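Given next are the chains, with one letter for each unit.
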Amino acid sequence: MSQFNQASRLNMQALALEGVPLTGTTLLQDMERLAHEVQVVQPDSCVNWQASAELRPGSGAEDDVWLHLQAKTSVALICQRCMATVAAPLEVDQWYRFVATEEIAMAEDDESEEDLLVMEPQFDLLAVLEDELLMALPLVPMHDECPVPPVLRAGDEELSAETGEKPNPFAVLSGLKKKNE
(Lines give C-alpha, C1' and ligand atoms only; values in the text may rest on other atoms or scores of the structure.)
Protein backbone atom coordinates (compact mmCIF):
# COMPACT_ATOMS: atom_id res chain seq x y z
CA MET A 1 0.00 0.00 0.00
CA SER A 2 1.49 3.39 -0.97
CA GLN A 3 2.12 6.16 1.52
CA PHE A 4 -0.63 8.19 -0.16
CA ASN A 5 -3.18 5.41 0.45
CA GLN A 6 -2.04 4.83 4.03
CA ALA A 7 -2.49 8.49 4.92
CA SER A 8 -5.84 8.52 3.18
CA ARG A 9 -7.26 5.88 5.53
CA LEU A 10 -6.18 6.60 9.09
CA ASN A 11 -7.70 5.64 12.39
CA MET A 12 -6.94 8.74 14.44
CA GLN A 13 -7.59 7.03 17.80
CA ALA A 14 -4.98 4.36 16.96
CA LEU A 15 -2.51 6.99 15.74
CA ALA A 16 -2.93 8.94 19.00
CA LEU A 17 -2.49 5.80 21.13
CA GLU A 18 0.61 4.84 19.15
CA GLY A 19 2.11 8.31 19.64
CA VAL A 20 4.45 8.05 16.65
CA PRO A 21 4.34 10.88 14.10
CA LEU A 22 3.41 9.96 10.56
CA THR A 23 5.72 11.59 8.01
CA GLY A 24 5.38 11.57 4.27
CA THR A 25 6.02 13.07 0.90
CA THR A 26 3.10 13.25 -1.50
CA LEU A 27 3.38 14.16 -5.16
CA LEU A 28 1.56 17.38 -5.99
CA GLN A 29 -0.10 15.67 -8.95
CA ASP A 30 -1.81 13.29 -6.48
CA MET A 31 -3.59 16.29 -4.94
CA GLU A 32 -5.90 16.99 -7.86
CA ARG A 33 -7.64 20.10 -6.53
CA LEU A 34 -4.36 21.78 -5.60
CA ALA A 35 -2.70 20.72 -8.86
CA HIS A 36 -5.61 22.33 -10.73
CA GLU A 37 -4.77 25.72 -9.14
CA VAL A 38 -1.08 25.53 -10.02
CA GLN A 39 0.29 26.95 -13.28
CA VAL A 40 2.87 24.20 -13.91
CA VAL A 41 3.03 20.91 -12.04
CA GLN A 42 6.50 19.42 -12.35
CA PRO A 43 6.54 15.60 -12.19
CA ASP A 44 8.75 15.75 -9.09
CA SER A 45 6.80 18.54 -7.29
CA CYS A 46 5.84 17.27 -3.86
CA VAL A 47 4.43 18.19 -0.49
CA ASN A 48 6.44 17.24 2.59
CA TRP A 49 4.16 16.70 5.57
CA GLN A 50 4.01 15.38 9.12
CA ALA A 51 1.01 14.43 11.23
CA SER A 52 1.07 13.59 14.91
CA ALA A 53 -1.88 12.72 17.10
CA GLU A 54 -2.13 12.80 20.85
CA LEU A 55 -4.65 12.26 23.61
CA ARG A 56 -5.43 15.18 25.93
CA PRO A 57 -7.79 15.29 28.90
CA GLY A 58 -11.21 16.43 27.70
CA SER A 59 -14.34 17.77 29.30
CA GLY A 60 -15.92 14.30 29.36
CA ALA A 61 -14.82 10.94 30.71
CA GLU A 62 -12.73 10.14 27.63
CA ASP A 63 -9.62 11.91 26.43
CA ASP A 64 -9.86 14.11 23.34
CA VAL A 65 -7.91 13.17 20.24
CA TRP A 66 -5.83 16.05 18.85
CA LEU A 67 -4.03 16.18 15.51
CA HIS A 68 -1.09 18.41 14.62
CA LEU A 69 -0.60 18.75 10.86
CA GLN A 70 2.44 20.39 9.30
CA ALA A 71 3.38 20.67 5.63
CA LYS A 72 5.63 22.61 3.27
CA THR A 73 5.72 22.94 -0.48
CA SER A 74 6.20 25.51 -3.21
CA VAL A 75 3.85 25.90 -6.17
CA ALA A 76 4.08 27.83 -9.43
CA LEU A 77 1.35 30.46 -9.81
CA ILE A 78 0.80 33.39 -12.18
CA CYS A 79 1.98 36.78 -10.92
CA GLN A 80 -0.99 39.11 -11.19
CA ARG A 81 1.27 42.08 -11.90
CA CYS A 82 3.58 40.85 -14.69
CA MET A 83 1.74 37.62 -15.68
CA ALA A 84 4.96 35.56 -15.35
CA THR A 85 5.31 32.44 -13.21
CA VAL A 86 6.03 33.06 -9.54
CA ALA A 87 7.01 30.44 -6.95
CA ALA A 88 4.66 30.62 -3.98
CA PRO A 89 5.79 28.84 -0.80
CA LEU A 90 2.93 27.21 1.11
CA GLU A 91 3.10 26.17 4.76
CA VAL A 92 0.61 24.49 7.06
CA ASP A 93 0.95 24.32 10.84
CA GLN A 94 -2.49 23.50 12.23
CA TRP A 95 -3.99 21.83 15.31
CA TYR A 96 -7.36 20.02 15.23
CA ARG A 97 -9.50 18.53 17.98
CA PHE A 98 -11.77 15.63 17.14
CA VAL A 99 -15.37 15.48 18.32
CA ALA A 100 -17.96 12.70 18.10
CA THR A 101 -20.56 14.27 15.81
CA GLU A 102 -21.17 17.10 13.37
CA GLU A 103 -23.71 18.58 15.81
CA ILE A 104 -21.08 18.83 18.55
CA ALA A 105 -18.64 20.42 16.10
CA MET A 106 -21.22 23.03 15.07
CA ALA A 107 -22.14 23.78 18.70
CA GLU A 108 -18.52 24.18 19.89
CA ASP A 109 -17.06 25.81 16.79
CA ASP A 110 -17.64 29.45 17.77
CA GLU A 111 -16.10 29.06 21.23
CA SER A 112 -13.06 26.93 20.37
CA GLU A 113 -9.77 28.37 19.18
CA GLU A 114 -8.76 25.16 17.44
CA ASP A 115 -10.39 23.69 14.37
CA LEU A 116 -12.82 20.85 15.05
CA LEU A 117 -13.13 17.69 12.99
CA VAL A 118 -15.60 14.84 13.32
CA MET A 119 -14.08 11.53 14.37
CA GLU A 120 -14.57 8.99 11.61
CA PRO A 121 -13.48 5.34 11.59
CA GLN A 122 -11.28 5.97 8.54
CA PHE A 123 -10.04 9.57 8.51
CA ASP A 124 -8.78 11.03 5.20
CA LEU A 125 -5.70 12.96 6.33
CA LEU A 126 -4.59 13.93 2.83
CA ALA A 127 -7.96 15.50 2.02
CA VAL A 128 -7.61 17.74 5.10
CA LEU A 129 -4.00 18.49 4.14
CA GLU A 130 -5.07 19.45 0.62
CA ASP A 131 -7.83 21.69 2.05
CA GLU A 132 -5.28 23.50 4.23
CA LEU A 133 -2.87 23.97 1.33
CA LEU A 134 -5.67 25.37 -0.83
CA MET A 135 -6.51 27.86 1.92
CA ALA A 136 -2.81 28.80 2.18
CA LEU A 137 -2.69 29.87 -1.49
CA PRO A 138 -2.13 33.62 -1.81
CA LEU A 139 -5.23 35.56 -2.87
CA VAL A 140 -3.17 37.65 -5.29
CA PRO A 141 0.11 35.94 -6.20
CA MET A 142 2.84 38.45 -7.05
CA HIS A 143 6.61 38.69 -7.18
CA ASP A 144 8.16 40.92 -4.52
CA GLU A 145 9.88 42.53 -7.46
CA CYS A 146 8.84 41.47 -10.95
CA PRO A 147 11.73 40.25 -13.15
CA VAL A 148 10.34 42.25 -16.08
CA PRO A 149 8.40 45.47 -15.56
CA PRO A 150 4.72 45.02 -16.38
CA VAL A 151 3.61 46.43 -19.72
CA LEU A 152 0.46 48.52 -19.56
CA ARG A 153 -1.57 48.04 -22.71
CA ALA A 154 -5.14 48.86 -21.89
CA GLY A 155 -5.71 52.60 -21.79
CA ASP A 156 -2.26 53.61 -23.16
CA GLU A 157 -3.87 55.58 -26.01
CA GLU A 158 -6.33 57.29 -23.68
CA LEU A 159 -3.48 58.09 -21.30
CA SER A 160 -1.41 59.75 -24.05
CA ALA A 161 -4.46 61.70 -25.27
CA GLU A 162 -5.00 63.04 -21.75
CA THR A 163 -1.52 64.54 -21.65
CA GLY A 164 -2.63 67.13 -24.23
CA GLU A 165 -4.44 70.29 -23.23
CA LYS A 166 -7.93 69.76 -21.86
CA PRO A 167 -10.76 72.03 -22.89
CA ASN A 168 -12.06 74.29 -20.18
CA PRO A 169 -15.45 72.90 -19.05
CA PHE A 170 -16.74 76.45 -18.46
CA ALA A 171 -15.94 77.35 -22.08
CA VAL A 172 -18.28 74.56 -23.16
CA LEU A 173 -20.98 75.97 -20.88
CA SER A 174 -20.54 79.49 -22.24
CA GLY A 175 -20.92 78.08 -25.76
CA LEU A 176 -24.26 76.56 -24.76
CA LYS A 177 -25.36 79.86 -23.20
CA LYS A 178 -24.63 81.77 -26.42
CA LYS A 179 -26.75 79.25 -28.42
CA ASN A 180 -29.74 79.87 -26.16
CA GLU A 181 -29.58 83.67 -26.47
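Quantities reported herein were computed from a predicted structural model and do not represent experimental measurements.

## Quick notes on the overall build of the protein chain
Okay, so step 1: Broken down by element type, the protein chain carries 7 helices and 5 strands.
Okay, so step 2: The N-to-C order of helical and strand elements in the protein chain reads α-α-β-α-β-β-β-α-β-α-α-α.
Okay, so step 3: Every one of the 181 residues in the protein chain was classed for burial, and the buried ones make up 31%.
Okay, so step 4: Of the contacts formed within the protein chain by residues at least 6 apart in sequence, a portion of 57% connects residues at least 24 apart.
Okay, so step 5: A total of about 12300 Å² of accessible surface is found on the protein chain, and carbon and sulfur atoms cover 52% of it.

## What to know about the nonpolar core
Okay, so step 1: Judged by nonpolar contacts, the single largest core of 36 residues is most densely connected at Met12 and Leu129.
Okay, so step 2: Here the element with the most residues in this core is strand β3 (residues 64-78); it accounts for 7 residues.

## What about helix α5 (residues 125-136)?
Okay, so step 1: If you check α5, its first and last C-alpha atoms are 17 Å apart, about what 12 residues at 1.5 Å a residue would give, namely 16 Å.
Okay, so step 2: All of the buried residues along α5 are Leu125, Leu126, Val128, Leu129, Glu130, Glu132 and Leu133.

## Topic: a negative patch on the surface
Okay, so step 1: Residues Asp109, Asp110, Glu111 and Asp115 make up a contiguous surface patch of negative charge.
Okay, so step 2: If you trace the backbone, Asp109 turns up in helix α4 (residues 102-109).

## Observations regarding the pattern of salt bridges
Okay, so step 1: Taken as a whole and assessed by the stated rule, the structure comprises 5 salt bridges.
Okay, so step 2: Between Glu54 and Arg56 there is a salt bridge, with its nearest N and O atoms 2.7 Å apart.
Okay, so step 3: Accessibility expressed as a relative area gives 31% for Glu54, which makes it partly exposed.
Okay, so step 4: Of the charged contacts, one joins Arg97 and Glu114 as a salt bridge, the two residues approaching to 2.6 Å between their closest N and O atoms. Taken together, the residues span a long stretch of sequence, with Arg97 in strand β4 (residues 85-99) and Glu114 in the loop between α4 and β5 (115-118) at a distance of 17 residues. In this structure, Arg97 and Glu114 share a single accessibility class: buried.
Okay, so step 5: Connected through salt bridges with shared partners, the residues Arg33, Glu130 and Asp131 form a single ionic network.

How each quantity is defined
- Residues numbered from 1 in each chain as written.
- Predicted model: local features only at pLDDT ≥ 70, side-chain atom pairs only at ≥ 80, totals over all residues.
- Heavy atoms only, no water.
- Helix = DSSP H or I, 4+ residues; strand = E, 2+ residues; numbered from the N terminus.
- Buried < 20%, exposed > 50% of the residue type's maximum accessible area, 1.4 Å probe, protein only.
- Contact = heavy atoms within 4.5 Å.
- Areas by Shrake-Rupley, 256 points an atom, 1.4 Å probe, with all protein chains shown as cover.
- Core = buried A, V, L, I, M, F, W, Y, C linked by side-chain atoms within 4.5 Å.
- Expected span 1.5 Å × (residues − 1).
- Patch = residues over 30% accessible without salt bridge, like charges linked within 9 Å, V, L, I, M, F, W, Y side chains within 5 Å.
- Salt bridge = Lys/Arg side-chain N within 4 Å of Asp/Glu carboxyl O.
- Lys, Arg positive; Asp, Glu negative; His and termini not counted.
- Charge placed at Lys NZ, Arg CZ, Asp CG, Glu CD.

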